[in-house]
Amino acid sequence: MGRNTVQRQIILTGLQKLNSHPTIDEVYAEVSKEHPSISKTTVYRNLRQLANDGMIRQVLLPDGLERYDGTTVEHHHFNCTKCNGILDLEIDVLDDIDDKVQKKYGFRVERHDLVFSGLCLNCKE
């Protein structure tokens, strides 16, 4: 296994441990606990590559921070506007949304990011 493959696996494992849609800084903090010699640049570069390869998902939120999700199964997200928590949503009714956009506008949809915003159950009370 080459150095890049080892680093990529370390970073993937760190991301999956967090299970919280972490930022690059949060993944770096997690990975550097066990691997203090790894650089933030290495984490950044490998997260981007893992996302490009479809092994993880980049989550685009209004806060502008790059966040990552170790779950690659098609799903959507809910972002709490009070605590800034991010929760996974599985909604069957949106399964054919790419087809609808393609048929109506003629685009070729490769992926989409759908984020609902509001108050989570804890903050709502």
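Look above for the structure.
I will try to describe carefully the structure that is included in this document. Every residue gets a number counted from 1 within its own chain, in the order that chain's sequence is written. Reporting of local features is limited, given that this is a predicted model, to residues whose pLDDT is at least 70; pairs of side-chain atoms are given and counted only at 80 or more, and all residues count toward the totals for whole chains, interfaces and linings. Here the side-chain values reflect all heavy atoms present in the structure, with hydrogen atoms and water set aside.

## Concerning the nonpolar core
Nonpolar side chains in soluble globular proteins generally cluster together in the buried interior. In plain words, nonpolar cores are sets of buried Ala, Val, Leu, Ile, Met, Phe, Trp, Tyr and Cys residues tied together by side-chain atoms within 4.5 Å. Buried, partly exposed and exposed residues are distinguished by accessible area as a fraction of the type maximum, computed with a 1.4 Å probe on protein chains only: under 20%, between the cut-offs, and over 50%, respectively. Judged by nonpolar contacts, Ile11, Leu12, Leu15, Ile24, Val27, Val31, Ile38, Val43, Leu47, Leu50, Ile56 and Tyr68 together constitute the single largest core of 12 residues. Of all the elements in the fold, those that place two or more residues in this core are helix H1 (3-18), helix H2 (24-34) and helix H3 (40-52). The contact partners of Leu15, leaving out residues within four places of it in the chain, are Pro22, Val27, Ile56, Tyr68, Asp69 and Gly70. Think of it this way: any DSSP run of H or I at least four residues long counts as a helix, any run of E at least two long counts as a strand, and we number them from the N terminus. Two residues qualify as a contact provided that any one of their heavy atoms is within 4.5 Å of a heavy atom in the partner residue.

## Structural notes on the pattern of salt bridges
Counted as salt bridges are all cases of a side-chain nitrogen of Lys or Arg within 4 Å of a carboxyl oxygen of Asp or Glu. Applying the stated rule across the entire model yields seven salt bridges. The salt bridge partner of Lys17 is Glu34, with a shortest N-O separation of 2.7 Å. With Lys17 in helix H1 and Glu34 in helix H2, the pair connects residues that are 17 residues apart, well separated along the chain. In this structure Glu34 comes out as exposed when scored by relative accessible area, which is 54%. For Lys100, the salt bridge identified is with Asp96, shortest N-O distance 3.8 Å. Judged by its relative accessible area of 35%, Asp96 is partly exposed.

## Regarding the packing of H2 against H3
Helix axes use the C-alpha atoms of the stretch in contact, all axes being lines fitted to C-alpha atoms, and the angles between their N-to-C directions lie in the range 0 to 180 degrees. It is the contact of H2 with H3, at a shortest axis distance of 10 Å, that shows an interaxial angle of 120 degrees. Between H2 and H3, the crossing angle belongs to the class labelled oblique. Judged by the twist between their axes, the crossing of H2 over H3 is right-handed. Counted together, Ile24, Asp25, Val27 and Tyr28 of H2 and Lys40, Val43, Tyr44 and Leu47 of H3 form the full contact between these two elements. A breakdown of the residues in the contact of H2 with H3 according to their chemical character gives six nonpolar, no polar and two charged. Small angles under 35 degrees read as roughly parallel and large ones over 145 as roughly antiparallel, with 65 to 115 read as roughly perpendicular and the rest as oblique. Handedness of a crossing is defined here by the sense of rotation of the near helix relative to the far one, left-handed for an anticlockwise turn of less than a right angle and right-handed for a clockwise turn. Asp, Glu, Lys and Arg are counted as charged, while Ala, Val, Leu, Ile, Met, Phe, Trp, Tyr, Cys and Pro are counted as nonpolar; the rest, among them Gly, fall into the polar class.

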